[in-house]
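# Structural overview for review
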Amino acid sequence: MAIKKGLFKTSIGRKNLMAFTGLFISFFLIIHLVGNLILIIPDSYFPIEFWGNVANAHDMYNAYSHFLVHFWPITLVAWVLYAALIVHVIDALLITLNNNKAKGDKYQVTDNSTSSWYSRNMGILGTIIGIFIFIHMAQFWLQYKVLENEHDLYNLVLATFKEWWVLVVYEIGIIALGFHLVHGIESAHRTLGVYPKRIMGIIKYIALCFGIVMAVLYAIIPIILYFK
Amino acid sequence: MALNAKIPKGPLKDKWQNYLDTTNIVNPANRKKIDVIVVGGGLSGGGAAASLAELGYNVKVFFFQDSARRSHSVAAQGGVNAAKNYKNDGDNIYRMFYDTVKGGDYRSREANVYRMAQCSVDLIDHMTAQGVPFGREYSGYLSNRSFGGVLVSRTFYARGQTGQQLLLATYQAMMKQVKTGNLTQYSRHEILDIVVVDGKARGVIVRDLVTGKIERHSAHAIVLGTGGFGKIFYLSTLAMNSNGSATWRAHKKGAYFANPSWTQIHPTALPQAGEHQSKLTLMSESLRNDGRIWVPKNKDDDRKPGDIPTEDRDYYLERRYPAFGNLVPRDVASRAAKERMDAGHGVGPLKNAVYLDFKTAIEKLGEATIKERYGNLFNMYEKITGINAYKEPMKIAPSAHFSMGGLWVDYELQTSIPGLFAVGEANFADHGANRLGANSLLQASVDGNFILPNTISNFLSNEIRTGKIATDTPEFDKAEKEVQAQLEKILAIKGNMPVDRIHRRLGKVMFKEVAMSRNEKGLKWAIEEIKKLRDEFWTNVAVPGDDKGPNSELEKAGRLADYLEIAELMAIDALSRNESCGAHFREEYQTKDGEAVRDDKNFMYSAAWEWMKGEEWNLHKEQLEFNDIEVKTRSYK
Amino acid sequence: MKLTLKIWRQENAKTKGKLVTYKLSDLSTDMSFLEMLDVLNEELAVKGERTVEFDHDCREGICGQCSLVINGQAHGPEGHYTTCQTHLRSFKDGDSLTIEPFRANSFPVIRDLKVDRTSMDHIIQAGGYISSFTGMAPEANTIPIHHNIAESAFDSAACIGCGACIATCKNSSAALFMSAKIAHLAKLPQGQVERAERVVWMVNAHDDEGFGSCTNTGACAMVCPQEVPLLDITRMNYEYNKSKCTVE
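Being a predicted model, the structure only gives us computed values, none of them experimental.

### What about the overall build of chain A?
On a plain count of helices and strands, chain A comes out with 8 helices and 2 strands. Along the chain direction, N to C, the helices and strands of chain A fall in the order α-β-β-α-α-α-α-α-α-α. On the principal axes, the C-alpha backbone points of chain A span a range of 65 × 40 × 40 Å. Relative to its full complement of 228 residues, chain A shows a buried share of 38%. As displayed, chain A offers around 13,000 Å² of accessible surface, 72% of which is attributable to carbon and sulfur atoms.

### Considering the interface of chain B and chain C
Facing 81 residues of chain B, the contacting portion of chain C comprises 77 residues. Across the chain B to chain C interface the summed buried area is about 6,700 Å²; carbon plus sulfur atoms make up 50%. Interface area lost by chain B to chain C is led by Arg70, Arg159 and Lys383 of chain B, which between them contribute 11%. Between the two partners, chain B and chain C, sit 8 salt bridges. A salt bridge links lysine 84 of chain B to glutamate 139 of chain C; its shortest N-O distance comes to 2.8 Å. At the surface where chain B touches chain C, the tally comes to 45 residue pairs in polar contact (both at pLDDT 80 or more). Among the secondary structure elements, those contributing two or more residues to the side of chain B that touches chain C are helix 3 (43-55), helix 5 (110-129), helix 6 (162-180), helix 11 (367-385), helix 12 (440-460), helix 14 (499-513) and helix 16 (552-576) of chain B. Ranked by the residues each element gives to the side of chain B that touches chain C, the list is headed by helix 6 of chain B, at 10 residues. Looking at side-chain class alone, the side of chain B that touches chain C contains 28 nonpolar, 32 polar and 21 charged residues.

### Some remarks on a nonpolar patch on the surface
All names here are of chain A. A grouping of Ile124, Ile128, Trp164, Trp165, Val168 and Ile172 is seen on the molecular surface, where their side chains present a nonpolar patch of about 610 Å² in accessible area. Looking at the nonpolar patch, the elements with two or more residues in it are helix 5 (122-146) and helix 7 (164-192). When residues in the nonpolar patch are grouped by element, the largest group, 4 residues, is from helix 7.

### What to know about the side chain of arginine 120 of chain A
Relative to the helices and strands, arginine 120 of chain A is located in helix 4 (residues 117-120). Here arginine 120 of chain A sits buried without a salt bridge, and the closest side chain of opposite charge, aspartate 111 of chain A, lies 7.9 Å off (N-O distance). Here asparagine 112 of chain A takes part through its backbone oxygen, which lies 3.2 Å from a polar atom of the side chain of arginine 120 of chain A. Contacts of arginine 120 of chain A, omitting those with residues within four sequence positions, involve Asn112 and Ser115 of chain A together with Lys170 and Thr217 of chain C.

### Some thoughts on unusual backbone geometry
One can expect most non-glycine residues to show negative phi and most peptide bonds to be in trans. Positive phi is not limited to glycine here, since arginine 188 of chain B has a value of about 50°. Considering the arrangement of structural elements, one finds arginine 188 of chain B in the loop between strand 5 (183-186) and strand 6 (189-197). The exposure class assigned to arginine 188 of chain B is buried, which follows from its relative accessible area of 6%. Located in the positive-phi region is aspartate 26 of chain C, a residue other than glycine, with phi close to 60°. Within the element layout of this structure, aspartate 26 of chain C appears in the loop between strand 2 (18-24) and helix 1 (33-47). Note on aspartate 26 of chain C: relative accessible area 73%, which makes it exposed.

### Examining helix 5 of chain B
Residue and element names in this part refer to chain B. Between its first and last C-alpha atoms helix 5 spans 30 Å; for 20 residues at 1.5 Å apiece the expected length is 28 Å, and the two agree. Of all the bends found along helix 5, the most pronounced is centred on serine 120 and spans about 35°. Counting buried residues along helix 5, 18 of its 20 residues qualify, which places the element largely inside the surrounding structure. The positive-phi residue at the C-terminal boundary of helix 5 is glycine 131, with phi of around 100°.

### Description of the sheet that holds strand 4 (residues 73-74) of chain C
Residue and element names in this part refer to chain C. The 5 strands are arranged 2-1-5-3-4 in an open sheet whose pairing can be described as mixed. Strands at the two margins of the open sheet, each flanked by one partner only, are strand 2 and strand 4. Relative to strand 2, strand 1 (residues 3-9) is paired through 7 bridges, and the arrangement is antiparallel. Bridged to lysine 6 within strand 2 is threonine 21. Strands strand 1, strand 2, strand 3 (69-70) and strand 5 (96-100) of the sheet are contacted by helix 1, whose axis makes an angle of about 80° with strand 1.

### Here we look at the packing of helix 3 of chain B against helix 6 of chain B
For any two helices packed against each other, one specifies the inter-axial angle together with the distance between the axes. Residue and element names in this part refer to chain B. Packing of helix 3 against helix 6 brings their axes to within 9 Å, and their N-to-C directions diverge by 35°. In terms of crossing hand, the pair formed by helix 3 and helix 6 is left-handed. Each of Leu43, Gly46, Gly47, Ala50, Ala53 and Glu54 in helix 3 lies in contact with helix 6, whose residues at this interface are Leu166, Leu167, Thr170, Ala173, Met174 and Gln177. Broken down by class, the residue content of the contact of helix 3 with helix 6 amounts to 7 nonpolar, 4 polar and 1 charged.

### Here's the deal with the side chain of threonine 415 of chain B
Looking at the element boundaries, threonine 415 of chain B is found in the loop between strand 16 (406-407) and strand 17 (420-422). If we skip the residues at most four places from it in the chain, threonine 415 of chain B touches Ala255, Leu407, Trp408, Val409, Leu420, Phe421 and Ala422 of chain B.

### Structural notes on the pairing of strand 5 of chain C
Regular strands have side chains that alternate between both faces of the sheet. Residues and elements named next belong to chain C. Summarising burial for strand 5: 4 of the 5 residues are buried, a large majority. As paired elements, strand 3 and strand 5 share 2 bridges and run antiparallel to each other. Across the sheet, residue isoleucine 70 finds its bridge partner in strand 5, namely isoleucine 99.

### Notes on the pattern of salt bridges
Residue and element names in this part refer to chain B. Under the counting rule described, the total for this entry stands at 75 salt bridges over all chains. Residue glutamate 137 is joined to lysine 87 by a salt bridge in which the shortest nitrogen-to-oxygen separation is 3.5 Å. In this pair, glutamate 137 sits in the loop between helix 5 and strand 4 (155-156) while lysine 87 sits in the loop between strand 3 (80-81) and helix 4 (93-103), placing the two residues 50 residues apart along the sequence. In this structure, lysine 532 and glutamate 529 form a salt bridge, with 3.0 Å as the shortest nitrogen-oxygen distance. Placement of the pair is lysine 532 and glutamate 529 together in helix 15 (residues 520-540), with a separation of 3 residues, close to one helical turn. Take lysine 532: its relative accessible area is 52%, and that puts it in the exposed class.

### As for the pairing of strand 20 (residues 605-612) of chain B
Residues and elements named next belong to chain B. Of all 8 residues in strand 20, 6 are buried; the element is thus mostly enclosed. Both strand 10 (residues 257-258) and strand 20 contribute to a ladder of 2 bridges, which runs antiparallel. Residue pairing for strand 20: alanine 258 is matched across the bridge by alanine 608. The sheet contact formed by strand 20 and strand 21 (residues 616-623) spans 8 bridges and is antiparallel. Its bridge partner lying in strand 21, alanine 608 is registered against histidine 620. Linking strand 20 to strand 21, which pair antiparallel, is a turn of 3 residues; within it glycine 614 sits at a positive phi near 90°.

### Some words on the state of the cysteines
All names here are of chain C. In total, this model carries 0 disulfides over all chains according to the counting rule given. Of all cysteine sulfurs, the one in cysteine 63 lies closest to cysteine 58, which takes part in no disulfide; the gap is 3.7 Å. The cysteine cysteine 245 is free of any disulfide, with cysteine 214 supplying the nearest cysteine sulfur at 19 Å. Residue class for cysteine 245 comes out exposed when judged on its relative accessible area of 59%.

### Some points on the domain arrangement of chain B
All names here are of chain B. By the assigned domains, chain B splits into domain 1 (266-400) and domain 2 (484-598). Averaged C-alpha coordinates put domain 1 and domain 2 at centres separated by 29 Å. Both faces combined, the contact of domain 1 with domain 2 buries some 870 Å², and carbon together with sulfur accounts for 51% of it. It is Glu275, Arg335 and Lys338 in domain 1 that bury the most area against domain 2; as a group they hold 51% of the surface buried on that side. Taken together, domain 1 and domain 2 are joined by 2 salt bridges. A salt bridge links glutamate 275 to lysine 508; its shortest N-O distance comes to 3.1 Å. At the boundary of domain 1 and domain 2, one finds 4 residue pairs in polar contact (both at pLDDT 80 or more). When residues of the side of domain 1 that touches domain 2 are traced back to their parent elements, those giving at least two are helix 9 (330-345) and strand 15 (394-403). Ranked by the residues each element gives to the side of domain 1 that touches domain 2, the list is headed by helix 9, at 4 residues. Considered class by class, the residues forming the side of domain 1 that touches domain 2 number 3 nonpolar, 3 polar and 5 charged.

Cut-offs and rules
Positions within a chain are numbered from 1, following the residues in the order the chain's sequence is written. Going through the entries in the order they are written, you letter the chains from A and number the ligands from 1. Predicted model: local features are reported for residues with pLDDT of at least 70 only, side-chain atom pairs are reported and counted for 80 or more only, and whole-chain, interface and lining totals are derived from all residues. Hydrogens and waters are ignored; side-chain quantities use all the structure's heavy atoms. For the purposes of this entry, the term helix denotes a DSSP run of H or I that reaches at least four residues, the term strand denotes a run of E that reaches at least two, and both are numbered from the N terminus. Three exposure classes are used, based on accessible area relative to the maximum for each residue type with a 1.4 Å probe and protein chains only: buried under 20%, partly exposed in between, and exposed over 50%. In this description, accessible areas are obtained by the Shrake-Rupley approach with a 1.4 Å probe, and a residue is regarded as covered only by the protein chains that are shown. Residue contacts follow a heavy-atom distance rule, with two residues in contact if any of their heavy atoms lie within 4.5 Å. A 1.4 Å probe defines the accessible area here, and the buried area is the portion of it lost by two parts on being joined, summed over both. Each reported salt bridge corresponds to a side-chain nitrogen of Lys or Arg within 4 Å of a carboxyl oxygen of Asp or Glu. For the purposes of these results, a polar contact is taken to be a pair of N or O atoms within 3.5 Å, where, inside protein, one atom must be able to donate a hydrogen and its partner to accept one; residues adjacent in sequence count only when each atom of the pair is a side-chain atom. Residue polarity follows a fixed list, in which Ala, Val, Leu, Ile, Met, Phe, Trp, Tyr, Cys and Pro are nonpolar, Asp, Glu, Lys and Arg are charged, and the others, Gly among them, are polar. Patch building starts from residues that exceed 30% relative accessible area and form no salt bridge, then joins like charges within 9 Å and nonpolar side chains (Val, Leu, Ile, Met, Phe, Trp, Tyr) within 5 Å. In summary, the charge assignment counts Lys and Arg as positive and Asp and Glu as negative, without counting His or the chain termini. A helix's residues, less one, multiplied by 1.5 Å, set its expected span. Throughout, bend refers to the angle between the axes fitted to the seven residues that end at a position and the seven residues that start at it. Paired strands, in this sense, are two strands between which DSSP finds at least two bridges. For helices, the fitted axis covers only the stretch in contact; all axes are lines through C-alpha atoms, and the angles between them, taken along N-to-C directions, range from 0 to 180 degrees. In a left-handed crossing the near helix is turned counterclockwise from the far helix by less than a right angle, and in a right-handed crossing that turn is clockwise. Only a pair of cysteine sulfur atoms within 2.5 Å counts as a disulfide in this structure description. Marked domain ranges trace back to an automatic or database domain assignment.

Now the structure itself:
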């Protein structure tokens, strides 16, 4: 028997793809967060010196956004990111379909005390996050980058978050993201085969911290903006 | 037919080599033309199946479990003996041979025992190469522990799951052969008859336990590796489905059954707790390395074990057998426990147990060491009884365990039917009247892996021109009809006595009179009781359902029908042997202080029983000769 | 004690099954779970009704033949027990218990609570062995193995192949079962030669048998009677990825 199927086609291979794309997206989250934190720098910190110019939050954020959209290497990375997201979603669908097929008849009584609910429901969490990303991109990415309806992103963001329902949608999406990350980061490392016991212990801890820190920091931004 | 054990010529230590040097073998090109059926997928059967398939024979293996990995070899705990002398404690092949013959109370076949000791050395190498994670020293070399009945440490172990690990290695070797296509496995198939054509075993009738279909399979030779029949006692350490049916049906087709009454009663099993109990779990004998066995000195002492001071405890094994202490052979330990319990010193709610205490060992070695050595056994004990044995002593009791008797085989492991071979516990030769601990994994493995593949070729070398064996012959027709008729007969009874209830009653009769201690009156009574139970079975057994699909009750009923016949032969065998030897203890033949009295003048033979039509048996005696060992009174004092 | 049992009865893989209720009284807490089923079957046999088919053999937790999902928990409520080791002391008087077979697409029902687990044999057949034939082995002590490595290999090798991991997995993945064998053999020096091919062959067989992907929920290790480490799955993934990246 030869080693036949491709690296991404077997049950483990498909999970590799999930792990790679998931970790890449997670890394993007850090960058995205750093940029967004500009939005909540308190007014008392301004004016501060920004690349030789004196700036306030408004100017700083818009300059950053402008740079992201018009610096071509970043555009390139952005396309990789879109691709990763799409692959992550399609791969998840394929895995779920296959797993459902493997399951056979349902149990009459189920008991789930042996695993955490978020590790079992990554698909549901992922779907919530997917819807959230869709809304999020329609609100900002579409308006600012694609249609170019709005050139002052800072004002757009501020205006958008004054709506209470936007706040609720964002908080739900971010909480789902937090749980998705706690399991996802650990699971990705397990899938990729980080088997030494101690290292896996540390990664488990890091995954938990990463999920919590990301969720908390992302969650406070809309709240602060809502009350600003 | 006169018994010919076919023991090769030459000095004891050269016999096996002489045999290998001169035996006939089969050319690799011809092996493909030869079919072999193996019944049983455990250490002996599985080992034989894998080894024969490796040689290139067409092998079919049948077992009733859903996978060969579940065969009851899996449950052996303590270890496997080998004369490696890694401990530098003076061990060698002769000493192992000596211990085994002595442990068997001079009722085993010298040449077979010596061969087993010789092959033991290779077995450890073989199993290590297969990936068995044997216990290791911190140097990385293999570790040993000691077992009952010997003065050296020669037992190799994989925690308390040695049998499982050896079996899985064997199972994996089988799976490899399934992949190569030399081996075909038939899981959930039960053997119901052996077909003899022109005096040779040529096929089997099996029932597919899923579809219920009766099938015929033919081969040039048949190997039975079907284990022991200790489940006849109902309460035993054996698996629920372990049975003696394959060997018994072979017996009824002409294979002699040897020493059927020699059943080992294991001293360290869990005691019975209630009427519906189905199984007595074994606690490995290795526990006796560090555990001390005692009962209260006073009768009916109801104090908790921890509250009984040392002066009120009777460490009866240490008292009676100072040289071996808690490590006396199993038969001696079981009988001593029975003696104490009969005298009213038993512990537990049913007064049917003795204490196995680790307090001294924990004080001396620390709980961590004990945990590393026996952790899984302590866990198992707690799972079953709910008691933490680090804190209070275990309660243990004797339980039926191993059948030293089995199909009579010659040196080539061939039964009295040409072409029918028996390996492992299914045969009889190596353990005499009592088996030493950790010798059963050894015997099963070497029979299957090292001995049978070499001896079967001597028979098969005459079969290269035979061609395929047809299954549409009158012999197959007749056998299938008989099998079908028996199934229908059982189903037609429609009585109101479930199979297990009859089996439990049989077990009680057997454990009372045909177990640790026997006497003429009791045995005669047992024979009558067995006959009554047999009548009741054939008139009143309740087997619902049909034979068209899975039907556990039907399977159990067929096995019980055979047990009800085996039981009678066991009692007859015990009755015919007017001496005490090993596990066979006749109350009429004992010293004043209760030790066994052997009669070497009249009974130094293996009793091979031939089935006569009309349920009578004819006794053939294989006289045993001991040229290389001095026959002494066995003493562990 | 008294118990109400709702037991899955199904004629064969092609027919539909349903839960049937039975009531048992006068049970002892010292009885094992399977002994309770024996009692039920004896009652049914006396009445001439077809008995409940269930798999069992050694009844001491090592053969792996017993299965059953009790109230949604593979092998019952104790965790790390087999069904045969589960005793009635784990339940309360008057409890109602739903007893179902191990369920997975690759475990077709044979009858009632018996399922066909040969798919697990097929995974081992694909490569779960060391191809050392009888007679080939070198002297056992020529290759020293560190005590801890031998112990660690044992932890994996202890798998009894019962299939509880698969039955409890929400994806019906056989990852823990398969990885136990892969890790066992990958840890030992004897298993090195076939290491790279073994893992790939076994994973391919796993997929061909129709088992699902592991999503690392860890539920399997929580029910495993032998406490096979969850990290064995990770080890298997490492072996697989390494093999895919390095072997021609």
